[in-house]
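# Coordinate inspection notes
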Amino acid sequence: MPDLTTRFCGLTLRNPLVAAAAGITETAERLKRCEDHGIGAAVIKSYFQYEPARHSPTPRFTVIRDSLGRDKSFCLYSFEQANVYGLERFAEEIARAKAICTIPIIASLNCITPERWDEGARLVTQAGADAIELNVSCPHGVHVMSHADMMDEMTKALRTVKAASHLPAIPKMSPQLSQPGAVAQGLAAAGADAVTMFNRFTGLDIDLETEQPIMHGGYAGHGGPWSLHYVLRWISEVSPQLPIPIMSSGGVSDGGDIAKLILAGAQTVQTCTAIVMQGYPVIGKLLQGLSDWMDAKGYATCDDFRGKVCDRIKGNDDVDRVKRLVAEIDCGKCVSCGLCARVCIYDAPEAATGHYVIPEEPCDGCGLCVQLCPVQAITMRPLAVPRTFTLGEK
Ligand SMILES: Cc1cc2nc3c(=O)[nH]c(=O)nc-3n(C[C@H](O)[C@H](O)[C@H](O)COP(=O)(O)O)c2cc1C
């Protein structure tokens, strides 16, 4: 059994999995449920200074599945904005949570004025919070801002919080950035103790019958498993140079996803949609999945593989472009559905009696048919003579 203990901003977590700010962490009792199911730490649902945000519309959830109806990359599209509580009551809830939980509880604040950032930081510190996440990236409140204005707003909030509290301050970044690396570096330079990458995107869905935006009639948070690969990409790029730890947020749907985020360099890994969609018991399954993978790989701790993928990511110049493989159909498995022939832009698959075949020419070895074959009848096989190329503009 691997040791999942994780150090983060001076805190010791029993494992790297953190319940992300959302309705699932809004009250002391819900935080306790996260703890009882094994979570390492939890971020209490954000306090919002903007008061209307404390009243979420009904209904506020839509599950958008991919076009093939598959679940692995669904989007949880939702408009659930703020904790229902005002600031003092919010701080009380943190104190209540601290009285019944032993895991670190991270306060999440979303303020508009410097005075309220200051007051919020002081109150949650007095209440016993273990760190402060600065929700400066809510997808429902995002207005388009220049990079400079956004950095200015985030760093001002950060400096105010740092001046008001000794707690680790963790800005939660928007994914809607052209330069997440520069933003993370700027926040580190301004005193952030860690960054959370990322909050959700802002999305829109439209009811084709009424031709209106769905649910409450506006934009909403667009997150869930599909976002994993975006988060992985940026954490793998940013983590090697960043002097502070990264708490990932976005896309976890199984224990393997936690392992991937740590391989990309995350110190801790938040999860939200998995708990929203499957209930608190999924926490145990996610951790078991991580432990099983670590056992299989022989890793004793998360430090043993953290960031391991970062120097394995190839640039354009390093990609092996020699064609070495082509597709091959197992005629015993092929059910002759013809999907491979319909999608092949090289017109490679040919109908034979009761099955298809793929001649070596004109197959280009792209591998799409392998991915799409509904009965897994297609595999890739090595070409006897790889197809090399020479550069030279024509
Ligand atoms: C229903 C819902 C409510 C959320 N509320 C908050 C919030 O109050 N504050 C915040 O910083 N993030 C909030 N988030 C974003 C999550 O904390 C998390 O960053 C995001 O969902 C990405 O993780 P996931 O892919 O595991 O869901 C919310 C997300 C969902 C789905």
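Residues numbered from 1 in each chain as written. Predicted model: local features only at pLDDT ≥ 70, side-chain atom pairs only at ≥ 80, totals over all residues. Heavy atoms only, no water.

Turning next to helix α3 (residues 114-127). Counting along an α-helix, one turn takes 3.6 residues, and residues three or four places apart therefore face a common direction. In this model, α3 (14 residues) spans 20 Å end to end at C-alpha, consistent with the 20 Å of a helix rising 1.5 Å per residue. Turning to α3, its buried residues are W117, G120, A121, V124, T125 and A127. Each buried residue of α3 lies within a common arc of 160° when the element is viewed along its axis, so the set occupies one face. Exposed and oriented more than 90 degrees from the buried face of α3 are E115 and Q126. Note on α3: the residue one or two positions beyond its end, G128, has a positive phi of about 105°. (Helix = DSSP H or I, 4+ residues; strand = E, 2+ residues; numbered from the N terminus. Expected span 1.5 Å × (residues − 1). Buried < 20%, exposed > 50% of the residue type's maximum accessible area, 1.4 Å probe, protein only. Arc of directions from axis to C-beta.)

Another aspect to go through is the pairing of strand β10 (residues 169-173). Along any regular strand, the residues point their side chains to alternate faces of the sheet. Of all five residues that make up β10, five are buried, and the element is covered over most of its length. Neither face of β10 is exposed, since A169, P171 and M173 on one face and I170 and K172 on the opposite face are all buried. With four bridges connecting them, strand β9 (residues 131-135) and β10 associate as parallel partners. Its bridge partner lying in β10, L134 is registered against P171. By the bridge criterion, two bridges tie β10 to strand β11 (residues 195-197) in an arrangement that is parallel. Opposite M173, over in β11, you have M197 as the bridge partner. Taken together, β10, helix α5 (residues 180-189) and β11 constitute a β-α-β crossover, and its handedness is right-handed. (Pairing = 2+ DSSP bridges. Right-handed = clockwise from strand over helix to strand, strands pointing away.)

It is worth spelling out the site of the ligand at this point. Every one of the 22 residues lining the ligand counts as a neighbour, but A21, S46, S249, G251 and T273 are closest to it. Interatomic distance of 2.7 Å between a backbone N/O atom of A21 and an oxygen atom of the ligand. Between the ligand and the protein, one listed contact pairs an oxygen atom with a side-chain N or O atom of S249 at 2.7 Å. Taking 610 Å² as the accessible area of the ligand by itself, protein coverage stands at 98%. In terms of residue class, the shell around the ligand is built from seven nonpolar, eleven polar and four charged. (Near = heavy atom within 4 Å. Polar contact = N/O pair within 3.5 Å; in protein donor to acceptor, adjacent residues only side chain to side chain. Areas by Shrake-Rupley, 256 points an atom, 1.4 Å probe, with all protein chains shown as cover. Nonpolar A, V, L, I, M, F, W, Y, C, P; charged D, E, K, R; others polar.)

What follows covers the packing of helix α7 (residues 255-263) against helix α9 (residues 282-297). Direction vectors running N to C along α7 and α9 enclose 60°, while the axes themselves pass 7 Å from each other. Judged by the angle between their axes, α7 and α9 are oblique. Seen from above, α7 lies across α9 with right-handed handedness. In this structure, α7 contributes G255, I258, A259 and L263 to the contact, and α9 contributes L286, G289, L290 and W293. Looking at the contact of α7 with α9 residue by residue, the class counts come to six nonpolar, two polar and no charged. (Axes fitted to C-alpha atoms, helices over the stretch in contact; angles between N-to-C directions. Parallel < 35°, antiparallel > 145°, perpendicular 65-115°, else oblique. Left-handed = near helix turned anticlockwise from the far one by under 90°. Contact = heavy atoms within 4.5 Å.)

A few words on the sheet that holds strand β12 (residues 201-203). With antiparallel pairing, four strands are arranged side by side in an open sheet as β6-β7-β15-β12. Two strands close off the open sheet at either side, each with one partner strand: β6 (61-64) and β12. Neighbouring strand axes in the sheet, compared pairwise and without regard to direction, differ in orientation by 30° on average. Of the strand pairs in this sheet, strand β7 (residues 75-78) and strand β15 (residues 220-223) are connected by three bridges, and their pairing is antiparallel. Looking at the pairing, Y77 lines up with H222 of β15.

Our focus in this paragraph is the domain arrangement of the protein chain. Domain assignment breaks the protein chain into domain 1 (6-312) and domain 2 (318-387). Here the C-alpha centroids of domain 1 and domain 2 sit 42 Å apart. (Domains from an automatic or database assignment.)

Below, the discussion takes up the packing of helix α4 (residues 147-164) against α5. When two helices pack together, their arrangement is given by the angle between their axes and by how far apart the axes lie. The geometry of α4 relative to α5 is characterised by a closest axis approach of 10 Å and an angle of 30° between their N-to-C directions. Considered as vectors, α4 and α5 are oriented roughly parallel to each other. Crossing of α4 over α5 shows right-handed handedness. For the pair α4 and α5, contact is made by H147, M150, M151, M154, T155 and L158 and by A182, V183, G186 and L187, respectively. Partitioned by chemical class, the residues of the contact of α4 with α5 number seven nonpolar, three polar and no charged.

Here the residue pair T58 and P59 is connected by a cis peptide bond, since its omega of -20° sits within 30 degrees of zero. Summarising the element assignment, P59 is placed in the loop between β5 (47-48) and β6. Here the bond from M197 into F198 is cis, since omega is 15°, no more than 30 degrees from zero. Within the element layout of this structure, F198 appears in the loop between β11 and β12. At C9, a residue that is not glycine, the phi angle is positive and equals roughly 50°. We note that S336 has phi near 60°; this positive angle belongs to a residue other than glycine. Tracing the sequence through the fold places S336 in the loop between β18 (323-329) and α10 (339-343). You can call S336 partly exposed: its relative accessible area is 32%.

With that out of the way, let us pick up a nonpolar patch on the surface. Taken together, the side chains of F61, V63, V276 and M277 make up a nonpolar region of the molecular surface, amounting to roughly 280 Å² of accessible area. Where the nonpolar patch is concerned, the elements lending two or more residues are β6 and α8 (273-278). Tracing the sequence through the fold places V63 in strand β6. Given the relative accessible area of 31%, V63 is considered partly exposed. (Patch = residues over 30% accessible without salt bridge, like charges linked within 9 Å, V, L, I, M, F, W, Y side chains within 5 Å. Salt bridge = Lys/Arg side-chain N within 4 Å of Asp/Glu carboxyl O.)

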